[in-house]
Amino acid sequence: MSDESVILINLLKVKPEKQGALIALLKQNTETVIRTLPGWKTTRLIAAGDGAGVVIYSEWESAAAVEAMRSDPRMQACFPKVIELASLDSIVGSAVFSETRCG
């Protein structure tokens, strides 16, 4: 197994009045389902300041772990709830550059 994480980025476009409900749903799903799945490493939810979007940044051990997550029956039950609130685009890839300020 490689030490390099597979990164899943989900970009959700949402009406500002529904952003709070979307974040609550995503947070609950992460706490009750995502964190229990094999291969999951981390998830970060990022809310757009204008209320029109949410980004889900997550790291997984492998592309197979991402596919297994998407096939999990609990995730299959959650997807329609998400789509009721927002449109969804996904990218699966790996980090090719990272820089951090020191000090």
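Above this note sits the structure.
Keep in mind it's a predicted model, so treat the numbers as computed, not measured. (Residues numbered from 1 in each chain as written. Predicted model: local features only at pLDDT ≥ 70, side-chain atom pairs only at ≥ 80, totals over all residues. Heavy atoms only, no water.)

A. Quick look at the overall build of the protein. Helix and strand counts for the protein stand at 3 helices and 4 strands. The helix and strand sequence of the protein, counted from the amino end, reads β-α-β-β-α-α-β. Computed over the C-alpha atoms, the radius of gyration of the protein is 14 Å, within 12% of the 13 Å expected from 2.2 N^0.38 for a compact globule of 103 residues. Principal-axis analysis of the C-alpha atoms gives the protein an extent of 40 × 40 × 20 Å. For the protein, buried positions account for 30% of its 103 residues. Taking the contacts inside the protein whose residues are at least 6 apart along the sequence as the reference set, 73% of them involve residues at least 24 apart. As presented, the protein carries roughly 6700 Å² of accessible surface, and 55% of it is formed by carbon and sulfur atoms. (Helix = DSSP H or I, 4+ residues; strand = E, 2+ residues; numbered from the N terminus. Rg over C-alpha atoms; globule rule 2.2 N^0.38 Å. Buried < 20%, exposed > 50% of the residue type's maximum accessible area, 1.4 Å probe, protein only. Contact = heavy atoms within 4.5 Å. Areas by Shrake-Rupley, 256 points an atom, 1.4 Å probe, with all protein chains shown as cover.)

B. Spotlight on the packing of helix H1 (residues 19-32) against helix H3 (residues 73-85). Between H1 and H3, the least distance of the axes is 10 Å, while the angle of their chain directions is 170 degrees. In terms of orientation, H1 lies roughly antiparallel with respect to H3. Within the contact between the two elements, H1 uses Ala 21, Leu 22, Leu 25, Leu 26, Asn 29 and Thr 32 and H3 uses Arg 74, Met 75, Cys 78, Lys 81, Val 82 and Leu 85. Residue composition of the contact of H1 with H3, grouped by class: 8 nonpolar, 2 polar and 2 charged. (Axes fitted to C-alpha atoms, helices over the stretch in contact; angles between N-to-C directions. Parallel < 35°, antiparallel > 145°, perpendicular 65-115°, else oblique. Nonpolar A, V, L, I, M, F, W, Y, C, P; charged D, E, K, R; others polar.)

C. Spotlight on the sheet that holds strand S1 (residues 6-14). Pairing is antiparallel in the open sheet, where 4 strands are placed in the order S2-S3-S1-S4. For this open sheet the edge positions go to strand S2 (40-47) and strand S4 (86-93), each flanked by a neighbour on one side alone. Neighbour-to-neighbour, the strand axes of this sheet turn through a mean angle of 15 degrees, independent of strand direction. Note: S2 against strand S3 (residues 53-60), 7 bridges, orientation antiparallel. Looking at the pairing, Ile 46 lines up with Val 55 of S3. (Pairing = 2+ DSSP bridges.)

D. Expanded view of the pattern of salt bridges. Using the criterion set out here, one finds 2 salt bridges in the structure. With a closest N to O distance of 3.3 Å, Arg 70 and Glu 67 form a salt bridge. Of this pair, Arg 70 and Glu 67 both sit in helix H2 (residues 63-71), separated by 3 residues, roughly a single helical turn. Owing to a relative accessible area of 43%, Glu 67 belongs among the partly exposed residues under this scheme. (Salt bridge = Lys/Arg side-chain N within 4 Å of Asp/Glu carboxyl O.)

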